[in-house]
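As a plain string of letters, each chain reads:
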Amino acid sequence: MNKIAFLLALALFFTHPFFSQDAQWNEKWQKKPGQQSSISEKIVERNYKPVSFSWKKGSASFEIGTGVQSITAERSVQNFEMNAYETTYELWYEVLTKARKLGYNFQNPGQEGSMGRRGKAPKPNLAGQSVTNISWYDAIVWCNAFSELSNLTPCYTYKGQVIRDSSDTSACDLATCNWNANGYRLPTEAEWEFASRLNKNPETGENFMNSGNTISGQLQFSTEEGPDLVAWTSDNTTRSMTVGTAGTVFQEDAPPAMGSGKPNESGIFDMSGNMMEYCWDWFADYTLQQGTVAAGPEFGSKRISRGGSWSIYTPFYYCADRYSYDPNEYYNYMGFRLAKKGEL
């Protein structure tokens, strides 16, 4: 009897929530948020430049897909902010290494642009390249990690638990996004297209939406501004480039600085070209928007990517062009851009 009692006590001890990873994480999150802020502020400041889209009424509407898609629809976007840069390898690596110490797991370690090393400390000349060779799963888990390291509320959960493992593809596929959380996340497809097309009349100062069949950063109906002046595509490069440098004249031995190129009217770089960018939405034909947040269908098989890239395999880089990929795919021409809930 003593032996049986001992075994029962041992079993109860090891099944106690103390040994549950979720329980440990919940305790850390609730009780020790200040101890998780070990991420370099300098790296964040250098690589995260938020651009705000906000309105007094809290939202703006536009027609998504115009000029390109056979089916278009009206979309409403709530106040949001978006990074001026695609997520750089320097920022990715900083968060990745700190997140692993907190128990996060990533299927793919990321790569320095299209031709750099995988999972290594960033070289100075490649730190400003977009992170590549990561899946959509890796991207949303990394967003959660960046949020947690920044003492913000992670957006992506499954059954109420923060998702911290990109190899748990079932949880990632069934993830829900808390749109009211203040953490980092992927943009919705509607947010992405809105930010890429928003323009301003230089004579009146009034905002308007470019047609979807323009390049982000190109003046609408301009015959002078071709893609070479606003985007890195297969027409002018055979590899990825430092973020925010499209339109910069430079020599190979003197690469341009991040942010020295031509942004779009909102101040965002590379929304056309350089890297394909993951969005939150499952792919489907546009239909009537359901609910306040235009976030696509609840289920699907492929996730949306936008913007085209430097690669010959992604030649469609107009603002309204759409791509869709299995969320487990990853290539050296695919990256992502951060978005976040905006202020009221």
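Model, not experiment: these values are computed from the prediction.

## Examining the overall build of the chain
- Tallying secondary structure elements over the chain gives 7 helices and 17 strands in all.
- Across the 344 residues that make up the chain, the buried fraction comes to 51%.
- Contacts in the chain between residues far apart in sequence, at least 24 positions, make up 68% of those at least 6 positions apart.
- A total of about 16300 Å² of accessible surface is found on the chain, and carbon and sulfur atoms cover 52% of it.

## Some details on unusual backbone geometry
- The phi dihedral of N133 falls on the positive side, at around 55°, and the residue is not glycine.
- Mapped onto the secondary structure, N133 falls in the loop between β6 (131-132) and α5 (136-149).
- On the basis of relative accessibility, which here comes to 10%, the residue N133 falls in the buried class.
- Phi at K159 takes a positive value of approximately 55°, unusual for a residue other than glycine.
- Along the polypeptide, K159 turns up in the loop between β7 (156-158) and β8 (161-162).

## Regarding the sheet that holds β8
- What the 3 strands build is an open sheet, ordered β8-β7-β9; its pairing is antiparallel. Across the chains shown, the open sheet's two edge strands, defined by having one partner strand only, are β8 and β9 (176-177).

## A few points about α5
- Across its 14 residues, α5 extends 20 Å between first and last C-alpha, which sits within 8% of the 20 Å expected from 1.5 Å per residue.
- Two to three positions downstream of the cap, the backbone nitrogen of Y137 sits 3.3 Å from a side-chain oxygen, assigning the N-cap of α5 to S135.

## Observations regarding the sheet that holds strand β13 (residues 276-282)
- Spatially, 4 strands are ordered β15-β14-β13-β16 in an open sheet, and the strand pairing comes out mixed. Both edges of this open sheet fall to β15 (323-325) and β16 (334-336), since each of them pairs with a single strand only. Shown here is a sheet whose adjacent strand axes are inclined to one another by a mean of 50°, direction ignored.
- Examined bridge by bridge, strand β14 (residues 303-306) and β15 share 3 bridges and lie antiparallel to one another.

## What to know about the nonpolar core
- Within the largest apolar cluster, 48 residues are counted, with the highest numbers of intra-cluster contacts made by W92, F106, W142, F146, L186, F336 and L338.
- Counting residues per element, the ones that place at least two in this core are α3 (41-47), α4 (89-101), α5, β13, β15 and β16.
- In terms of residue count, α5 provides more of this core than any other element does, 10 residues in total.
- For L338, the contacting residues outside a window of four places in its chain are Y48, E81, M82, N83, T87, L91, W142, C143, F146, Y184 and R185.
- Within the second largest apolar cluster, 24 residues are counted, among which are V77, F80, Y85 and L198.

## Notes on the confidence of the model for the chain
- Of the residues in the chain, 86% reach a pLDDT of 70 or more, and the chain-wide mean stands at 88.
- A low-confidence stretch, residues 1-35 stays under pLDDT 50, and its non-local contacts, those more than four residues away or across chains, total 23 contacts.

Cut-offs applied
Residues numbered from 1 in each chain as written. Predicted model: local features only at pLDDT ≥ 70, side-chain atom pairs only at ≥ 80, totals over all residues. Heavy atoms only, no water. Helix = DSSP H or I, 4+ residues; strand = E, 2+ residues; numbered from the N terminus. Buried < 20%, exposed > 50% of the residue type's maximum accessible area, 1.4 Å probe, protein only. Contact = heavy atoms within 4.5 Å. Areas by Shrake-Rupley, 256 points an atom, 1.4 Å probe, with all protein chains shown as cover. Pairing = 2+ DSSP bridges. Expected span 1.5 Å × (residues − 1). Polar contact = N/O pair within 3.5 Å; in protein donor to acceptor, adjacent residues only side chain to side chain. Axes fitted to C-alpha atoms, helices over the stretch in contact; angles between N-to-C directions. Core = buried A, V, L, I, M, F, W, Y, C linked by side-chain atoms within 4.5 Å. pLDDT = per-residue confidence, 0-100.

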